[in-house]
Amino acid sequence: MKSNSGGRRVVCLGMQHFPGAATRHPLLILIGALATLIGAGAVLVPQRAPALEPPPEDSYEVLTRGPVHEAFAESVSFEPEPGIIVAAAPPEPIEELPPEVQPEGDNVEWIPGYWAWDDEQDDYLWISGVWRNLPPGRQWVPGYWNSLATDDWQWVSGYWADAEVEEVAYISTAPPRTVEVGPSVAAPSVDHSWIPGVWIWATTRYVWRPGYWSPLRSGWTWVPARYCWTPRGYVFIDGYWDHAVATRGVVFAPLHVNHDRWSHRRHFYRPSVVVAFDVFTDHLFYRDRTCHYYFGDYYAPRYRDRGYRPYWARHARRGCYEPIYAHQRWVHRADRRWEERLREGYGFRRDHRDARPPRTWSAMRRLGAKRDAAGQRRVFASTLGDFRRQQGERMRFRELEQDRLDRIVDQRRRTREFSQQRQRLENLAAARQEASKRGAEALKQRLARSPIAGRSGNRLAKAARPPERIEPSAARLQREASERLQRSAEVRSNPGRERPAAPGRASRPSAAERLEAARETQQERLRDARQQAAERQQARAGNPRGGQVNPQARQSQRNRQAQNQQQAREARQQTQAQQQQQRARQARERTQAQQQQRARQARERTQAQQQQRSRSAQQQAQARQARERAQAQQQQRARQARERTQAQQQQRAQQQQRARQAQQQRTQQQQRARQAQQQRAQQQQRARQQQRQRQQQLRERARNPRAGR
């Protein structure tokens, strides 16, 4: 891996960060890597290469509680607020490397970590990077710490934006307070969930789009449309489908760093402690002040006073929507006691300190398999190796190749540059100046494409494609809101203008239809008057003297007039009867069509429910088989481990016996050697005595030669 730092090129060996991780011949590896680069002419070796080593053991502490990475679980707030402000400047980013393995998948990327403020410790925490199965068609816009004129620092949250949108619209005015009051009609089925309404910006002001019922999907979580606060204005983020928590990727534990012992230029961090997915059901919290998810032990009463709430409690509040909880409730919709068990578990851990999970990895590791008073495990973190074995077939991993690691390091550099570009674009001073000039407007700015962008749904495999969108895109929502605003303005300016009838109701005749009916009636009356005038003229013609009219002629004239009027009335009555019959027939046809449509929808819902139940049964059977396979594998591994342990113990016992026998043999040999040495010493002593006797005899002979003869 190559990385540019301070104008020099550094070679990173990718060492482990955890204690006891020994490197294999680091000097030889470093010399070989430098020789290869020099031979290829790729780099110029610095005069003094930095030491690449894991951080000291006392320079950091792995935590089992803290904020969840924003890119893994994005918060949803319909009333966006500015980020928190702290007085301390954030440290330099940690040079973080991904683990040596990654989950399999074409849309899986490494998203780097960042600094988050912990007001309890009054210090920054490092939120470790995550392996993320990216939402299809979305790109990650990372957050940043913005420097204020008061020497304070303010956090600006990141968000998942539409990857196809090239311009960001910053709205200077905040959206109004939500008017969401919940559904006014019952859900069509148990598969439906209520999606709250949202304010849509329409050219000059906000227009309310009401909520609606929508079915959810297995394996997918719907993240509804909302707004995100930035120093330059409010950004609208349309709704999208995201993966369920169990298939989103891998979350790693955060760090509390001792900055006096940690050198950001010398140490490279590689996370290895994984947070299990069950933490998103049992130990997940949300804090409105920071708009962040938190996991772990936040059960004490003082945390409630600081704004920490269980994630499921937030969903019940007016105008709130919790995507993770909504999906989990949909998954457990057949279990009536699921929500009750959630509340009971929270209440038990709130009232019993010994039931809460440990706060550090070292404490959780010492806890082992111990359970609380209710029989529940308090451990939800593990090493990456144990996590891989626990996942089995649900999530597969593959080795991280060197080329892939190099691309990730380059992607991390480009992500930081992208975040800096966003920070310059949303500069606070420029934002205030522009807001004072343009008033209630939306300013569009071009933002480069994020280095972390997911593929669109049509480019993924069929099994990995998301469901169809529940609601239109952001551009269409804004266009429809503008059209509604224009229509309402036209109606206010023209009060007499007729509105189209609502579908499903008997439509009233329009003004043109009423005018045509009046014209026909007037023409009919005119024809009757002309006919009567002609008859009077004929009667006068039959009486040339101009005297009195024949009574019989007058009576016949009256009879003809009455007959004509009767025929006209009968014709009108017949026409009205035909019209009524036609309207009744149309009403019956509409009713039959509606009944048929309802029956068809009911059949489709029943079929969908049956298919869903069958799929759920298949998934449960597959999960049961997977659990049985995992248990069988664990039992087999345990049996093999016991057999290996017994074999090792027998081997050690045999080795110890052979060692004792060898020791006994050596002891016997040493005894024999000592005995031989003693014998040699005795022989030498006798030889010395004999030699002294001979010497004494020789001296006596020398003194008395005669005696010798």
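Residues numbered from 1 in each chain as written. Predicted model: local features only at pLDDT ≥ 70, side-chain atom pairs only at ≥ 80, totals over all residues. Heavy atoms only, no water.

**Student:** What am I meant to see in the side chain of Ser189 here?
**Tutor:** Turning to its location among the elements, Ser189 is positioned in the loop between β15 (167-171) and β16 (192-195). Take Ser189: its relative accessible area is 12%, and that puts it in the buried class. At a separation of 2.8 Å, a polar atom in the side chain of Ser189 contacts the side chain of His192. The contact partners of Ser189, leaving out residues within four places of it in the chain, are Arg605 and Gln609. (Helix = DSSP H or I, 4+ residues; strand = E, 2+ residues; numbered from the N terminus. Buried < 20%, exposed > 50% of the residue type's maximum accessible area, 1.4 Å probe, protein only. Polar contact = N/O pair within 3.5 Å; in protein donor to acceptor, adjacent residues only side chain to side chain. Contact = heavy atoms within 4.5 Å.)

**Student:** Is there a simple way to think about the packing of aromatic side chains in this case?
**Tutor:** How two aromatic rings sit relative to each other is given by the distance of their centres and the angle of their planes. Following the criterion strictly, the structure yields 33 aromatic pairs and no others. Taken together, a centroid distance of 5.6 Å and an interplanar angle of 90 degrees make the contact between Tyr303 and Tyr308 edge-to-face. What links up through ring pairs into an aromatic cluster is the set Phe285, Tyr294, Tyr298, Tyr299, Tyr303, Tyr308, Trp312 and Tyr346. Note that Arg65 overlies the ring of Tyr298, its terminal NZ or CZ placed 4.6 Å from the centroid. Above the face of the Trp330 ring, Arg333 is positioned so that its terminal group lies 4.1 Å from the ring centre. (Phe/Tyr/Trp six-rings, centres within 6.5 Å; stacked < 30°, edge-to-face > 60°. Lys NZ or Arg CZ within 6 Å of the ring centre and 35° of its normal.)

**Student:** Any chance you could explain the pairing of strand β17 (residues 198-202) here in plain terms?
**Tutor:** For a regular strand, side-chain orientation follows a simple rule: the groups alternate between the two sheet faces. Within β17, five of the five residues are buried, which leaves the element mostly enclosed by the surrounding structure. Here β17 shows two buried faces, one formed by Val198, Ile200 and Ala202 and the other by Trp199 and Trp201. Bridge count between β17 and strand β18 (residues 205-209): five bridges; the pairing is antiparallel. Within β18, the position partnered with Ile200 by the bridge is Val207. Counted along the chain from β17 to the antiparallel partner β18, the turn is two residues long, and its residue Thr203 has a positive phi close to 65 degrees. (Pairing = 2+ DSSP bridges.)

**Student:** Mind showing me how you'd approach helix α6 (residues 338-351) here?
**Tutor:** Three or four residues apart is the spacing at which side chains of an α-helix point the same way, because the helix has 3.6 residues per turn. The end-to-end C-alpha separation of α6 is 20 Å, in line with the 20 Å expected for 14 residues at 1.5 Å each. Residues of α6 that are buried in the fold lie against α2 (279-282), β27 (284-287), β29 (308-310), α4 (311-315) and α5 (323-331). (Expected span 1.5 Å × (residues − 1).)

**Student:** Help me out: how do you make sense of the pattern of salt bridges in this one?
**Tutor:** Two side chains bearing opposite charge may form a pair once their charged atoms approach each other closely. Per the counting criterion, the structure on display carries 32 salt bridges. Across the salt bridge formed by Glu95 and Arg416, the nearest N and O atoms sit 3.6 Å from each other. In this pair, Glu95 sits in the loop between β5 (85-86) and β6 (101-103) while Arg416 sits in helix α9 (residues 402-425), placing the two residues 321 residues apart along the sequence. When its relative accessible area of 19% is taken as the criterion, Glu95 is described as buried. (Salt bridge = Lys/Arg side-chain N within 4 Å of Asp/Glu carboxyl O.)

**Student:** I tried to follow the environment of Arg353 on my own but got confused; where do I start?
**Tutor:** Mapped onto the elements, Arg353 comes out in the loop between α6 and α7 (361-367). Note: C-alpha distance between Arg353 and Asp297 (56 residues apart in sequence) is 9.8 Å.

**Student:** Would you take a moment to explain the packing of α5 against α6 for this structure?
**Tutor:** Pairs of packed helices are described in terms of their axes, by the angle between the two and the distance that separates them. Across the interface, α5 lies against α6 with an axial gap of 10 Å and an inter-helix angle of 130 degrees. Taken together, the axes of α5 and α6 lie oblique to each other. Contact with α5, carried on its side by Tyr325, Gln328 and Arg329, involves Trp338, Glu339 and Leu342 of α6 and no other residues of that element. (Axes fitted to C-alpha atoms, helices over the stretch in contact; angles between N-to-C directions. Parallel < 35°, antiparallel > 145°, perpendicular 65-115°, else oblique.)

**Student:** Just checking my understanding: could you explain the sheet that holds strand β32 (residues 442-446) for this structure?
**Tutor:** Strand pairing in a sheet relies on backbone hydrogen bonds. The paired strands run either parallel or antiparallel. Here we have four strands laid out as an open sheet, ordered β21-β22-β15-β32, and antiparallel in their pairing. Looking at the sheet topology across the chains shown, the edges are occupied by β21 (226-230) and β32. Ignoring which end each strand starts from, the neighbouring axes of this sheet average 35 degrees apart. Alignment of β21 against strand β22 (residues 233-237), held across five bridges, turns out to be antiparallel. Note on β22: the bridge partner recorded for Trp229 is Tyr234.

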